[in-house]
Amino acid sequence: PAREKREITKEEERRIVEALKEAPEWMRDSFMIAMKQGCRLKEVQVPVERVDLEHDTIRFLGKGGRMHEAPLHRDVRPIAEKAMREGRSSLVKLPGNASKQWCQFFDDLGMPDLSFHCTRVTVVTRLAMYAICRACVGVGTCDLPQTESA
């Protein structure tokens, strides 16, 4: 059955990051890229030539073959630099069963309702909350919980 796509809480994120210390590099890097750039699992395999370190940009090939350029998050930059140094063709090389491995990882953490796509939901939700809170500052009131910027 399909898993619900919901936001990852800050506590869950902390537990995931801690558990990823013992996980394969592709999992650590794909989670970091997704949580900082808001991309899909397939998109973490961005070719290194689509990363411009001079201008701090990254280009993703999204759904429908559309190219999307975004600022390169400072926490993703070391992953890109390492991939370039090592002569890799992409930032992350996913195994054929990456999605299944992520589901197993979340199950093992006692978070069976999470899927990798929840990273994207989390980024979008936090950005929206950040924008709303920023707008509230302009009128001097905000009843929403404060969140860290993505």
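Only a predicted model underlies this, so the values are computations on that prediction, with no experimental measurement involved.

(A) View of the overall build of the protein. Each helix and strand counted, the protein has five helices and three strands in total. Within the protein, the proportion of its 150 residues that are buried is 39%. For the protein, the proportion of contacts with a sequence separation of at least 24, taken over those separated by at least 6, is 63%. Of the roughly 8900 Å² of accessible surface on the protein, a fraction of 53% belongs to carbon and sulfur atoms.

(B) Up close: the pattern of salt bridges. Under the defined criterion, the tally for this structure stands at 13 salt bridges. For Arg-126, the salt bridge goes to Glu-7, with nearest N and O atoms at 3.6 Å. Residue Arg-126 is located in helix α5 (residues 118–139), and its partner Glu-7 is located in the segment before α1 (10–20); the two are separated by 119 residues in the primary sequence. Residue classification places Arg-126 among the buried positions, given a relative accessible area of 7%. By relative accessible area, Glu-7 is classed as partly exposed at 31%.

(C) Up close: the layout of surface pockets. Roughly 240 Å³ of volume is contained in the largest pocket. Lining of the largest pocket is provided by Glu-13, Val-17, Leu-20, Lys-21, Glu-25, Arg-28, Asp-29, Phe-31, Met-32, Met-35 and Lys-36. Elements with a contribution of two residues or more to the lining of the largest pocket: α1 and α2 (25–37). Examining the composition of the lining of the largest pocket, we find that seven residues originate from one element, α2, more than from any other. Of the residues assigned to the lining of the largest pocket, the class counts are five nonpolar, no polar and six charged.

(D) Expanded view of the nonpolar core. By size, the foremost hydrophobic cluster in this structure holds 36 residues, and its most contacted members are Ile-16, Val-44, Leu-91 and Trp-102. Sorting the residues of this core by element identifies α1, α2, β2 (57–61), α3 (77–85) and α4 (98–108) as the ones contributing at least two each. With six residues, α2 is the largest single contributor of residues to this core. If sequence neighbours within four positions are ignored, Leu-91 has contacts with Ile-33, Val-44, Val-46, Val-48, Val-51, Ile-58, Val-76, Ile-79, Ala-80 and Ala-83.

(E) Structural detail: the confidence of the model for the protein. When pLDDT is averaged across the protein, the result is 88; 85% of the residues are at 70 or more. Residue range residues 139–150 is modelled with pLDDT below 50. Its contacts to residues more than four positions away, or to other chains, number 17 contacts.

(F) A look at the sheet that holds strand β3 (residues 67–71). Spatially, the three strands line up as an open sheet ordered β1-β2-β3, and their pairing is antiparallel. Unpaired on one side and paired on the other, β1 (51–52) and β3 mark the two borders of the sheet. With two bridges joining them, β1 and β2 adopt antiparallel strand pairing. Across the sheet, Asp-52 pairs through a bridge with Thr-57, a residue of β2.

(G) Representation of α2. A rise of 1.5 Å per residue sets the reference length of α2, with its 13 residues, at 18 Å; its end C-alpha atoms lie 18 Å apart and thus fit the reference within 8%. Turning to α2, its buried residues are Trp-26, Met-27, Asp-29, Ser-30, Phe-31, Ile-33, Ala-34, Met-35 and Gln-37.

About the cut-offs
- Residues numbered from 1 in each chain as written.
- Predicted model: local features only at pLDDT ≥ 70, side-chain atom pairs only at ≥ 80, totals over all residues.
- Heavy atoms only, no water.
- Helix = DSSP H or I, 4+ residues; strand = E, 2+ residues; numbered from the N terminus.
- Buried < 20%, exposed > 50% of the residue type's maximum accessible area, 1.4 Å probe, protein only.
- Contact = heavy atoms within 4.5 Å.
- Areas by Shrake-Rupley, 256 points an atom, 1.4 Å probe, with all protein chains shown as cover.
- Salt bridge = Lys/Arg side-chain N within 4 Å of Asp/Glu carboxyl O.
- 1 Å grid on protein atoms, 1.4 Å probe; cavity = no way out; pocket = protein on both sides within 12 Å on 5 of 7 lines; lining within 4 Å.
- Points joined across faces, edges and corners; volume = space filled by probe spheres on them.
- Nonpolar A, V, L, I, M, F, W, Y, C, P; charged D, E, K, R; others polar.
- Core = buried A, V, L, I, M, F, W, Y, C linked by side-chain atoms within 4.5 Å.
- pLDDT = per-residue confidence, 0-100.
- Pairing = 2+ DSSP bridges.
- Expected span 1.5 Å × (residues − 1).

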